[in-house]
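Structure at a glance
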Amino acid sequence: MTITFITGANKGIGRETARRLIECGHTVLVGARNREQGEEAATALGARYVPIDVRDDASVAAAAADVAAHEGRIDVLINNAGVHGAAGDPGDLTAADALAVYDVNVIGVIRTTTAFLPLLRRSDDPVIVNVSSGMGSLALTHDPDRPESHVVAPLYTSSKAALTMLTTQYAKGLKDIRVNAADPGYTATDLNGHSGPQTVTEGTDAIVTLATEGPGAGTGRFMSRDGEIAWS
């Protein structure tokens, strides 16, 4: 049985990923900061709730200890938790604004990955999926035909660019683990006020693909529902 831990799994893309992976036969652990929402999602989906706030070292360590005590390992870690931050005029940004976004979107991934590595290394086929975004792609944000090029969201976009590079470095450095990034695409979620044209099911296609590939599948890739994206 494949055991999968998902951060930010109480709603949106994280919750839909959990639902789909349960359908695929995974044992899913719903990681969420909000206990009420996390427990509700886990009960509705048939999963187990594990409290985790990716901004807090102690919370992340406690989540890893909880999983070690109950499941003993994980096979797939999906770093999904993310925040958007301020959009529009970057002249109004503050250091506190930047720290708040990066603390979740980048440093939170580092905290969680480091804490869960011992559990992943107990798996026969360990996998990490980082939920990034085409908004962090230099190529896509400079292509006038792409929706990514019409948005000014300096903290979200730059944090996702950092996450994609972090993914390549993990893939190079963690030889025993497949590490890939997924671009959900412009999906209707709370993050964008439900303005995206894609459904959450469409937005989870790449994540589910990366989480269900068999042994020997590639590492260091950036995938959308339409296929591999260049690292640019």
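First, a word on scope: everything that follows refers to the structure included in this document. From a predicted model like this one, the values you see are computed outputs, not experimental measurements.

**Section: the overall build of the protein**
Of the regular secondary structure elements, the protein holds 9 helices and 8 strands. By the compact-globule yardstick of 17 Å for 232 residues, the protein fits well, its C-alpha radius of gyration being 16 Å. C-alpha atoms of the protein, sized along the principal axes, occupy 45 × 35 × 30 Å. Classification of the 232 residues of the protein by burial places 50% in the buried group. For the protein, long-range pairs separated by at least 24 residues make up 67% of all intrachain contacts whose partners lie at least 6 apart in sequence. In the form shown here, the protein has an accessible surface area of approximately 10,200 Å², with 54% of it arising from carbon and sulfur atoms. When the 19 positive and 28 negative side-chain charges of the protein are each reduced to one mean point, those points stand 5 Å apart.

**What to know about the packing of helix α1 (residues 12-23) against helix α9 (residues 205-212)**
For the pair α1 and α9, interaxial distance at closest approach is 10 Å and the crossing angle is 45°. The orientation of α1 with respect to α9, classified from their angle, is oblique. Of the two elements, α1 crosses α9, and the hand of that crossing is right-handed. Here α1 contributes Ile 13, Thr 17, Arg 20 and Leu 21 to the contact with α9, which in turn contributes Asp 205, Ile 207, Val 208, Ala 211 and Thr 212.

**A short note on the pattern of salt bridges**
Applying the stated criterion across every chain yields a total of 15 salt bridges. Linking Arg 15 and Glu 40 is a salt bridge whose minimum nitrogen-to-oxygen distance equals 2.8 Å. Of the two residues, Arg 15 is situated in helix α1 and Glu 40 in helix α2 (residues 35-45); the sequence distance between them amounts to 25 residues. We classify Arg 15 as partly exposed; its relative accessible area is 23%. The salt bridge partner of Glu 39 is Arg 35, with a shortest N-O separation of 3.2 Å.

**A few points about the sheet that holds strand β6 (residues 178-182)**
Within the open sheet, the 8 strands sit side by side as β3-β2-β1-β4-β5-β6-β7-β8. Their pairing is mixed. Each edge of the sheet is formed by a strand with only one pairing partner; in this case those strands are β3 (48-51) and β8 (227-228). In this sheet, strand β2 (residues 27-32) lies alongside strand β1 (residues 3-6) in parallel orientation, the contact comprising 4 bridges. Bridge assignment links Ile 3 to a residue of β2, and that residue is Thr 27. Here α9 sits on the sheet and contacts β4 (76-79), β5 (127-131), β6 and β7 (222-224); the angle it forms with β6, its principal contact strand, is near 170°.

**Focus: the nonpolar core**
Looking at soluble globular proteins, one finds that nonpolar side chains tend to be buried together. Judged by nonpolar contacts, the single largest core of 28 residues is most densely connected at Phe 5, Val 67, Ile 74 and Phe 116. Of all the secondary-structure elements, those providing two or more residues to this core are β1, α3 (57-70), α5 (107-120) and α7 (154-173). Ranked by residue count, the leading element in this core is α5, at 5 residues. Look past the residues within four positions of Val 67 in its chain and what remains in contact with it is Phe 5, Leu 29, Arg 48, Val 50, Gly 72, Arg 73, Ile 74, Phe 116 and Leu 119.

**Describing the environment of Arg 48**
With respect to the helices, strands and loops of the structure, Arg 48 is situated in strand β3. Its relative accessible area of 22% is what places Arg 48 among the partly exposed residues. Along the sequence, Arg 48 and Val 30 sit 18 residues apart, while their C-alpha atoms lie 5.9 Å from each other. Within the local environment of Arg 48, its side chain forms a polar contact with the side chain of Asp 66, the two groups lying 2.7 Å apart.

**Overview of the packing of α3 against α5**
Two numbers describe how α3 lies on α5: the axes approach to 9 Å, and their chain directions differ by 20°. When the axis of α3 is compared with that of α5, the two are roughly parallel. Helix-helix and strand crossings are classified by hand; for α3 and α5 the assignment is right-handed. Here α3 contributes Asp 57, Val 60, Ala 63, Ala 64, Val 67 and Ala 68 to the contact with α5, which in turn contributes Arg 111, Thr 112, Ala 115, Phe 116 and Leu 119. Here the contact of α3 with α5 is built from residues that sort into 8 nonpolar, 1 polar and 2 charged.

**Regarding the pairing of β1**
Every second residue of β1 is oriented toward a common face, with Ile 3 and Phe 5 on one face and Thr 4 and Ile 6 on the other, all of them buried. Of the pairings in the sheet, the one linking β1 to β4 comprises 3 bridges and is parallel in character. Its bridge partner lying in β4, Thr 4 is registered against Val 76.

What counts and what doesn't
Residues numbered from 1 in each chain as written. Predicted model: local features only at pLDDT ≥ 70, side-chain atom pairs only at ≥ 80, totals over all residues. Heavy atoms only, no water. Helix = DSSP H or I, 4+ residues; strand = E, 2+ residues; numbered from the N terminus. Rg over C-alpha atoms; globule rule 2.2 N^0.38 Å. Buried < 20%, exposed > 50% of the residue type's maximum accessible area, 1.4 Å probe, protein only. Contact = heavy atoms within 4.5 Å. Areas by Shrake-Rupley, 256 points an atom, 1.4 Å probe, with all protein chains shown as cover. Lys, Arg positive; Asp, Glu negative; His and termini not counted. Charge placed at Lys NZ, Arg CZ, Asp CG, Glu CD. Axes fitted to C-alpha atoms, helices over the stretch in contact; angles between N-to-C directions. Parallel < 35°, antiparallel > 145°, perpendicular 65-115°, else oblique. Left-handed = near helix turned anticlockwise from the far one by under 90°. Salt bridge = Lys/Arg side-chain N within 4 Å of Asp/Glu carboxyl O. Pairing = 2+ DSSP bridges. Core = buried A, V, L, I, M, F, W, Y, C linked by side-chain atoms within 4.5 Å. Polar contact = N/O pair within 3.5 Å; in protein donor to acceptor, adjacent residues only side chain to side chain. Nonpolar A, V, L, I, M, F, W, Y, C, P; charged D, E, K, R; others polar.

So, to be careful, I would describe these as geometric facts and stop short of saying anything about function.
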